[in-house]
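One letter stands for each residue in the lines below.
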Amino acid sequence: PRHGQIVFTLIVLCLCSNIRAYPIRAGHCKSGPVIGDESGGIHGRDGMASLADGSISISFQSELSSSDAPILLNSTEGITIDANIPYTVNVARSDGFFRGMLMRLSGANGTSVETAWTATSGETQVLPSTGEKTGFDSACAPGVTALCHTSNNDKQQVTAGFILNAAVDTKLEVTIVINNDPSGSNFWHYSEFEIKVQDGGGSTPATISPRPSASAAPSPTNL
């Protein structure tokens, strides 16, 4: 009967949603290196260590002082940037491509930072902050925000906008997916960064981040 076929299809879709990757967005907005668990193990449980180990860099460039050197994120020392200053954030991999990303930002002591990100190209999107949710309609907890991919195309770099209008200490948790193998790959990297947003006073100097040319190629493979 047709009713039985519909029920069977819905059951299969529900089961698949628990074990597949999410090629058109990040499937969660949870804290920590949890993509292995959230993908049902399809991404591999343990990943491939830090972003630096994957030749992945993240830099902040002030849009008001474009002649200044970009501020390169450092996981051991953190960085300081200014409130009320728009920044262009550049994510780049210097020796290859990546396919997916989740850049989750949270404020200290529950301070809301949900307006920090702006998607400035078709390669990124901002997850809603309507309550933590996983799946194809994933969302962040109120006050938390995340930038993620819109496709699993190969990317060498992506950019997005960033601004916070008040001083706050934040934590940026970044997961980058390089590739995915249905057998259960570990082709992803994770790092945490402390970002202090201050009321004026300049920003911490840093070395210039590599900025390879943007490249994107369609891929039929899930992340």
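Structure report, in brief. (Residues numbered from 1 in each chain as written. Predicted model: local features only at pLDDT ≥ 70, side-chain atom pairs only at ≥ 80, totals over all residues. Heavy atoms only, no water.)

To continue, consider unusual backbone geometry. Leaving glycine aside, a negative phi is the common case for residues, and trans is the common case for peptide bonds. Backbone geometry at Ser55 places phi at a positive 60 degrees, although glycine is not the residue there. Structurally, Ser55 can be placed in the loop between α2 (35-38) and β1 (56-62). Overall, the relative accessible area of 25% leaves Ser55 in the partly exposed class. Positive phi, normally seen in glycine, also occurs at Asn109, with a value near 55 degrees. With respect to the helices, strands and loops of the structure, Asn109 is situated in the loop between β5 (100-107) and β6 (117-118). Look at Asn109 and you get exposed, because its relative accessible area is 83%. (Helix = DSSP H or I, 4+ residues; strand = E, 2+ residues; numbered from the N terminus. Buried < 20%, exposed > 50% of the residue type's maximum accessible area, 1.4 Å probe, protein only.)

Before going further, it helps to examine the sheet that holds strand β3 (residues 79-82). The strand order across the open sheet formed by 6 strands is β3-β12-β11-β5-β8-β7, and the pairing between neighbours is mixed. Each end of this open sheet is capped by a strand with a single partner; those strands are β3 and β7 (124-126). Sheet twist, expressed as the average angle between the axes of neighbouring strands with direction ignored, equals 25 degrees. Both β7 and strand β8 (residues 145-149) contribute to a ladder of 3 bridges, which runs antiparallel. The residue bridging Thr124 from the neighbouring strand is His149, located in β8. (Pairing = 2+ DSSP bridges. Axes fitted to C-alpha atoms, helices over the stretch in contact; angles between N-to-C directions.)

The next subject is the nonpolar core. Within the largest apolar cluster, 33 residues are counted, with the highest numbers of intra-cluster contacts made by Ile58, Phe60, Met103 and Phe162. Where this core is concerned, the elements lending two or more residues are β1, β3, β4 (87-93), β5, β10 (157-162), β11 (168-177) and β12 (188-198). A per-element tally of this core places β11 first, with 4 residues. Ignoring anything within four residues of it in the chain, the contact list for Ile58 reads Leu51, Ile71, Leu72, Leu73, Val89, Asn90, Val91, Met103, Val174 and Phe193. In this structure, Ala26, Cys29, Leu127 and Cys140 belong to the second largest nonpolar core, which totals 8 residues. (Core = buried A, V, L, I, M, F, W, Y, C linked by side-chain atoms within 4.5 Å. Contact = heavy atoms within 4.5 Å.)

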